[in-house]
Amino acid sequence: MSLSRKRRKALKRLKGTAEDLWVDQQAVLDRANAILREAGKQASFLADEEVRPRVSAAVGTVAPTISRNVAAAKVAGQTAKDRFASDVIPALAGTVGSAAAVLQLARNPEFVQKAGKKAAKAAKSIQKAAPKQSGGSKAGVVVLVTLGAVTLAGLGYALWQTFRADDELWIADEDPAPESNPES
């Protein structure tokens, strides 16, 4: 293909301009890489000077709180396990045993009849032996009923205090000193 002289000169100039552009682009990329390396160094310095101490301080304040809460949860779990083993299981076993004994005896009709007759005789003898009550003051009964009600209320309150979920028991640690802002 034959090109005119003018066209060859224009192509030669264009080729030179493209080579100059390529060299300029390589210089810009080298400069950008140098800037990125410097930015990485500065970010590393900033992390070492500012971020790492703050993270270490936060870990230092959070770790004891977490370990205390884990220890408290373990103690609460062990206490619940011990109470279940020492209080609930024996009570359930006694109740189930009593119920089984009553069911076994209830299947024997002769025993049920004898027990009914004995209970009726005992009720008649107690009724005969008990003195007739006069229509006098019943202050003793009132005092006993009141004492029983107060005891029951106290027991209920103690149980409620023992088994309630109290979030106010954990008080967060206060920040020792507010950080001063160097810019102000």
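Just so it is clear, the structure is predicted and the values come from calculations on it, not from any experiment.

Section: the pattern of salt bridges
Part 1 of the reasoning: Scanning all chains against the criterion turns up two salt bridges.
Part 2 of the reasoning: Note that Arg 54 and Glu 50 form a salt bridge whose closest N and O atoms lie 3.8 Å from each other. Note that Arg 54 and Glu 50 are positioned in helix 1 (residues 5–106) at a spacing of four residues, about one turn of the helix.

Section: a nonpolar patch on the surface
Part 1 of the reasoning: On the surface, a nonpolar cluster with roughly 350 Å² of combined accessible area is contributed by Phe 84, Val 88, Ile 89 and Leu 92.
Part 2 of the reasoning: Summarising the element assignment, Val 88 is placed in helix 1.
Part 3 of the reasoning: Taking the relative accessible area as the measure of exposure, Val 88 reaches 34% and is therefore partly exposed.

Focus on the confidence of the model for the protein chain
Part 1 of the reasoning: On average, residues of the protein chain score 78 in pLDDT, and 78% of them reach the 70 mark or higher.
Part 2 of the reasoning: Taken element by element, the protein chain is modelled with least confidence in helix 2 (residues 109–129), mean pLDDT 72, and with most confidence in helix 1, mean pLDDT 84.

Points about a positive patch on the surface
Part 1 of the reasoning: A contiguous patch of positive charge on the surface is contributed by Arg 5, Arg 8, Lys 9 and Arg 13.
Part 2 of the reasoning: Note that Arg 5 resides in helix 1.

Conventions adopted
- Residues numbered from 1 in each chain as written.
- Predicted model: local features only at pLDDT ≥ 70, side-chain atom pairs only at ≥ 80, totals over all residues.
- Heavy atoms only, no water.
- Salt bridge = Lys/Arg side-chain N within 4 Å of Asp/Glu carboxyl O.
- Helix = DSSP H or I, 4+ residues; strand = E, 2+ residues; numbered from the N terminus.
- Patch = residues over 30% accessible without salt bridge, like charges linked within 9 Å, V, L, I, M, F, W, Y side chains within 5 Å.
- Areas by Shrake-Rupley, 256 points an atom, 1.4 Å probe, with all protein chains shown as cover.
- Buried < 20%, exposed > 50% of the residue type's maximum accessible area, 1.4 Å probe, protein only.
- pLDDT = per-residue confidence, 0-100.
- Lys, Arg positive; Asp, Glu negative; His and termini not counted.
- Charge placed at Lys NZ, Arg CZ, Asp CG, Glu CD.

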